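Descriptive structure summary
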Amino acid sequence: MKKLIKKFARLVCLVLALPAVSSGQNVNFTLSGSIGDLSKPSMVYLDYMDNGKSHEDSTELVNGKFKFTGRIQDIATARMSVAHGGGGKQFAIYRGGDVIYFYFGPENIMMTSKDSLINAAVNGSKVYEEFTAYNKSIGGSMMALTKAVNQDFASGTPEQQKDESYIKAVDARFRRAIAARSDKQLQFAKEHPNSYFGLVALSEAAGTKVDLPKIEPIYKALNPNLKQTDVGVELAQRIKAAGTIVIGNQAPLFTQADLNGRPLSLASLKGKVVLIDFWASWCSPCRAENPNLSKQYQLYKDKGFEILSVSLDSDKKSWQTAIDHDGMPWKHVSDLKGWNNNVGRLYGIRAVPACFLVDANGKIIATDVRGESLNAKLKELFTK
């Protein structure tokens, strides 16, 4: 059950946890607040994405007060977290529990709370008000659903919490709640084609596996201006990928820099069976698969097998350290744009790990193969 909860908690964070470069000198938003009487070493961390570019900032709390300023071009997606008593950003996000996800525009926003960020009242933001109304209409945010499933599980006795049937029942209720939320998001998108949150609803409902007959007509009906936003462009790329990056089609060609900054192209690997592997240093399931990839690489690299790993990291040191630690002697590329990696967007990647197996002629012959399914496919290809 804990793994299930963590899995969906990660999905909430997918497009939010994208640290990169902080904003420029011109200011068009102020985000300030007061959280009790917290002071050093307590810290506030802000990550936000604006028009496809990610930013990060942090500040100490002084008598409970904090303030961020910056400049954005579009409505920004944000994650803010507080490390009560210190502990650092990762503690604040993944263990501290005082984290909120929200949207904001070029506004002067005030957050106030007696005890924690998660209980803060927000004033001065029309965008936040619209976001709140949107969440109410679809049955709550993913954070709210995750909190509810935690409470649902915790309501059982210690004996029930060890019972597989009880865990499955909680899981089933959680999945039904997510499915119902997705249906409401699609309806919201249909009814609000001129709303930014109509676009957000459609993007979230589309998920990692885009159902073209269901999603594409709603997307086409959206206001053209919404389609020009980065969220709209990314969704269009995902829709296109769902229709073209399928078994039997040619894998889209790309070129990206390797660890040494040299360009490496998929085309240069023609004649080999290539596993295009999307991953990141911070992705636990990706890292867990690396020992198996290493074993398969050693078995078949002399028979014409190659792995081309595309990292969705934004920090080169983290990328390099993970490769060295896990022992990944194959080919690696990244543009260090995190979730905005150009190849990731070309392939419609919304979650990692993700992979595509390409034959010697560049044709996609398998998708999402890993573990035993990958091993069996490679054995079939190389032991004929």
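First, a word on scope: everything that follows refers to the structure included in this document. Owing to the predicted nature of the structure, the values given are computational and were not obtained by experimental measurement.

Here's the deal with the pattern of salt bridges
Considering all chains together, one arrives at 15 salt bridges under this definition. Between glutamate 56 and lysine 89 there is a salt bridge whose closest N-O contact spans 3.0 Å. Here lysine 89 lies in helix 2 (residues 89–96) and glutamate 56 lies in strand 3 (residues 53–60), a separation of 33 residues in the sequence. Aspartate 326 is the partner of arginine 287 in a salt bridge, and the nearest nitrogen-oxygen pair spans 2.5 Å. Of this pair, arginine 287 sits in helix 10 (residues 284–300) while aspartate 326 sits in helix 11 (residues 316–326), and the two are 39 residues apart along the sequence. By sharing partners, the salt bridges in this structure join Asp47, Glu56, Arg79 and Lys89 into a single network.

Structural notes on unusual backbone geometry
The peptide bond linking lysine 40 to proline 41 adopts the cis configuration, its omega dihedral lying at 15°. Not every positive phi belongs to a glycine, and asparagine 63 is a case in point at roughly 55°. By the secondary structure assignment, asparagine 63 is in the loop between strand 3 and strand 4 (65–70). Accessibility expressed as a relative area gives 56% for asparagine 63, which makes it exposed. Its identity is not glycine, yet aspartate 368 carries a phi of approximately 50°, on the positive side. Here aspartate 368 is to be found in the loop between strand 15 (364–367) and helix 13 (372–382). For aspartate 368, a relative accessible area of 31% puts it in the partly exposed group.

Observations concerning empty space enclosed by the protein
Where empty space is left in the structure can be found by rolling a water-sized probe over the atoms. Using the criterion set out here, one finds two cavities of 30 Å³ or more in the structure. The volume enclosed by the largest cavity comes to roughly 70 Å³. Lining the largest cavity, in full, are Leu275, Asp277, Cys286, Glu289, Asn290, Leu293, Pro353, Ala354, Cys355, Val369 and Arg370. Contributing elements (two or more residues each) for the lining of the largest cavity: strand 11 (273–279), helix 10 and strand 14 (354–358). Broken down by class, the residue content of the lining of the largest cavity amounts to seven nonpolar, one polar and three charged.

Calculation criteria
- Residues numbered from 1 in each chain as written.
- Predicted model: local features only at pLDDT ≥ 70, side-chain atom pairs only at ≥ 80, totals over all residues.
- Heavy atoms only, no water.
- Salt bridge = Lys/Arg side-chain N within 4 Å of Asp/Glu carboxyl O.
- Helix = DSSP H or I, 4+ residues; strand = E, 2+ residues; numbered from the N terminus.
- Buried < 20%, exposed > 50% of the residue type's maximum accessible area, 1.4 Å probe, protein only.
- 1 Å grid on protein atoms, 1.4 Å probe; cavity = no way out; pocket = protein on both sides within 12 Å on 5 of 7 lines; lining within 4 Å.
- Points joined across faces, edges and corners; volume = space filled by probe spheres on them.
- Nonpolar A, V, L, I, M, F, W, Y, C, P; charged D, E, K, R; others polar.

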